[in-house]
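# Structural overview
Here are the chains, one letter per residue:
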Amino acid sequence: MTHPKLTLVDHPLVQHKLSLMRDARTPGPDFRRLLREISLLLTYEAARDLPLKTQTITTPLTDMDAPVLACADPVVVSILRAGNGLLDGVLDVIPTAKVGFVGLYRNEETLRPVQYYCKLPTELSDRLVIAVDPMLATGNSSAAAVSLLKDAGATDICLICLLAAPEGVECMAREHPDVRIVTASVDSHLNEKGYIVPGLGDAGDRIFGTV
Ligand SMILES: O=P(O)(O)OC[C@H]1O[C@H](OP(=O)(O)OP(=O)(O)O)[C@H](O)[C@@H]1O
Ligand SMILES: O=c1cc[nH]c(=O)[nH]1
Ligand SMILES: [Mg+2]
């Protein structure tokens, strides 16, 4: 398993919260809160290369040349449904981000994504586009969503996923080696139904209580 642009966030807070999320006994409200908190921490890594410029500001004590962002507003794209569990955490950190949605579900037999919705901001080029989906399993859903973003003009894309399987990382390396991936874990493998092992189960069902 390799991807030229994969960042594994091994921060102790992220790892601790992820372990709580993996635990099958963790109730839905806690699961949702933990995902939002981790999302905020993963966003720091996704936004690490945003450019800065200097602007003169006046503090209560003096003038100073202060660093401020020098880029167009980033875009965050939630891959429905489970991506919505990460969305608010990204917006907590980047409140000026524009928001898009790509609706995809995975056919349980073929493990191929089926698209049912797409609504994106008009301007995607020359800005950071952060796609969010908690699970990168076969990688088919994220790869399809990223292709859609590229077709719509995105040039600088980062995928935030809570958990990845080696198969999903390989899929992204094959289809989108230019797209950065920020994740909290690359797990062992996929089971025969395409679920990440040890994983955390079905992210969408645990977020929205649809088990
Ligand atoms: O890498 P893949 O093999 O494509 O699997 C990962 C996809 O599966 C899950 O979505 P799901 O189809 O369960 O839809 P949901 O978000 O509506 O629950 C998950 O949120 C990813 O989108
Ligand atoms: O383990 C998995 C794989 C796909 N989708 C999930 O929600 N969980
Ligand atoms: Mg699901």
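Residues numbered from 1 in each chain as written. Chains lettered and ligands numbered in written order. Predicted model: local features only at pLDDT ≥ 70, side-chain atom pairs only at ≥ 80, totals over all residues. Heavy atoms only, no water.

## Quick word on a nonpolar patch on the surface
Applicable threshold: The patches reported here contain residues having more than 30% relative accessible area and no salt bridge. Joining distances are 9 Å for like charges and 5 Å for nonpolar side chains (Val, Leu, Ile, Met, Phe, Trp, Tyr). Working definition of accessibility: Shrake-Rupley area with a 1.4 Å probe, residue cover restricted to the visible protein chains. The salt bridge definition used is simple: a Lys or Arg side-chain nitrogen within 4 Å of an Asp or Glu carboxyl oxygen. A run of DSSP states H or I qualifies as a helix once it reaches four residues; a run of E qualifies as a strand once it reaches two. Both are numbered from the N-terminal end.
Judged by side-chain polarity, Tyr105, Tyr116 and Tyr117 come together as a nonpolar surface patch covering roughly 350 Å² of accessible area. Positionally, Tyr105 belongs in strand 5 (residues 98–106).

## Concerning the UniProt feature "binding site: 5-phospho-alpha-D-ribose 1-diphosphate" (unreviewed entry) in the protein
Where we set the bar: UniProt positions are given in the numbering used here, feature names are shortened, and annotations may be inferred rather than shown by experiment. A 1.4 Å probe rolled over the protein chains alone gives each residue an accessible area, and that area as a share of the maximum for its type sets the label: buried under 20%, exposed over 50%, partly exposed in between. Contact definition: two residues touch when any of their heavy atoms are within 4.5 Å.
UniProt records the feature "binding site: 5-phospho-alpha-D-ribose 1-diphosphate" (unreviewed entry) for Arg81, Arg106, Asp133, Pro134, Met135, Leu136, Ala137, Thr138, Gly139, Asn140, Ser141 and Asp202 in the present numbering. Residue position: Pro134 is located in the loop between strand 7 (128–132) and strand 8 (135–136). Residue classification places Pro134 among the buried residues on the basis of a relative accessible area of 1%. Relative to the elements of secondary structure, Leu136 occurs in strand 8. By relative accessible area, which is 0% here, Leu136 ends up buried. Not counting chain neighbours up to four residues away, the residues in contact with Leu136 comprise Ser142, Leu159, Cys161, Leu163, Ala164, Ala165, Gly168, Val169, Met172, Ile181 and Ile196.

## What to know about the packing of helix 2 (residues 28–46) against helix 3 (residues 84–93)
Operational definition: The convention used is that axes are lines fitted to C-alpha atoms, helices contributing only their stretch in contact, and that angles between N-to-C directions extend from 0 to 180 degrees. Reported orientations rely on four angle classes, namely roughly parallel under 35 degrees, roughly antiparallel over 145, roughly perpendicular from 65 to 115, and oblique for the rest. Two helices cross in a left-handed way if the nearer one is turned anticlockwise from the farther one by less than a right angle. They cross in a right-handed way if the turn is clockwise. Asp, Glu, Lys and Arg are counted as charged, while Ala, Val, Leu, Ile, Met, Phe, Trp, Tyr, Cys and Pro are counted as nonpolar; the rest, among them Gly, fall into the polar class.
Running from N to C, helix 2 and helix 3 point in directions that differ by 50 degrees, and their axes come no closer than 7 Å. When the axes of helix 2 and helix 3 are compared, the pair comes out oblique. Considering how the two elements wind past one another, helix 2 and helix 3 form a crossing that is right-handed. Here Leu35, Arg36, Ser39, Leu40, Thr43 and Tyr44 of helix 2 lie close against helix 3, whose contacting residues are Gly85, Leu86, Asp88, Gly89, Val90, Asp92 and Val93. Grouping the constituent residues of the contact of helix 2 with helix 3 by class yields six nonpolar, four polar and three charged.

## With respect to the site of ligand 1
Stated formally: Distances are taken per atom, and a residue is near a molecule or strand as soon as one of its heavy atoms is within 4 Å of it. In protein, a polar contact means a hydrogen-donor-capable atom and an acceptor-capable atom, both N or O and within 3.5 Å, with residues adjacent in sequence counting only if both atoms are side-chain atoms; elsewhere, any N or O pair within 3.5 Å suffices.
Among the 16 residues in the neighbourhood of ligand 1, the closest are listed as Arg106, Asp133, Thr138, Gly139 and Ser141. Contacts to ligand 1 include Arg106, whose backbone N or O atom sits 2.8 Å from an oxygen atom. The contact in question runs from an oxygen atom of ligand 1 to an N or O atom on the side chain of Thr138, over 2.5 Å. Coverage of ligand 1 by the protein chains reaches 90% of its 500 Å² of free accessible surface. When contributions to the shell around ligand 1 are tallied by element, the ones reaching two or more residues are strand 5, strand 8 and helix 4 (140–151). Of the residues forming the shell around ligand 1, the biggest block, three residues, is contributed by strand 5. Classifying every residue of the shell around ligand 1 by side-chain character gives seven nonpolar, five polar and four charged.

## Regarding the packing of helix 1 (residues 12–22) against helix 2
As a packed pair, helix 1 and helix 2 sit with axes 10 Å apart at the nearest point and diverge in direction by 155 degrees. Here helix 1 is positioned roughly antiparallel relative to helix 2, judged by the angle of their axes. The two elements helix 1 and helix 2 meet at a crossing, and its hand is left-handed. For the pair formed by helix 1 and helix 2, the contact residues are Leu13, Val14, Lys17, Leu18, Leu20 and Met21 on the first element and Phe31, Leu34, Leu35, Glu37, Ile38, Leu41 and Leu42 on the second. In terms of residue class, the contact of helix 1 with helix 2 is built from eleven nonpolar, no polar and two charged.

## Thoughts on the state of the cysteines
For the record, the criterion: Criterion for a disulfide: a pair of cysteine sulfur atoms within 2.5 Å.
Within this structure, the stated rule accounts for zero disulfides. For the unlinked cysteine Cys158, the closest cysteine sulfur is that of Cys161, found at 9.1 Å. Cys158 gets classed as buried once you look at its relative accessible area, which sits at 0%. Cys171 takes part in no disulfide bond, and the closest cysteine sulfur to it belongs to Cys161, at a distance of 12 Å. Judged by its relative accessible area of 1%, Cys171 falls in the buried class.

## Things to note about the site of ligand 2
The environment of ligand 2 is formed by Arg106, Met135, Ala137, Gly194, Tyr195, Ile196, Gly201, Asp202 and Ala203. Residue Ile196 places a main-chain N or O atom 2.8 Å away from an oxygen atom belonging to ligand 2. Gly201 places a main-chain nitrogen or oxygen 2.9 Å from a nitrogen atom of ligand 2. In isolation ligand 2 exposes 240 Å². Once the protein is present, 90% of that is buried. In the shell around ligand 2, the residues fall into five nonpolar, two polar and two charged.

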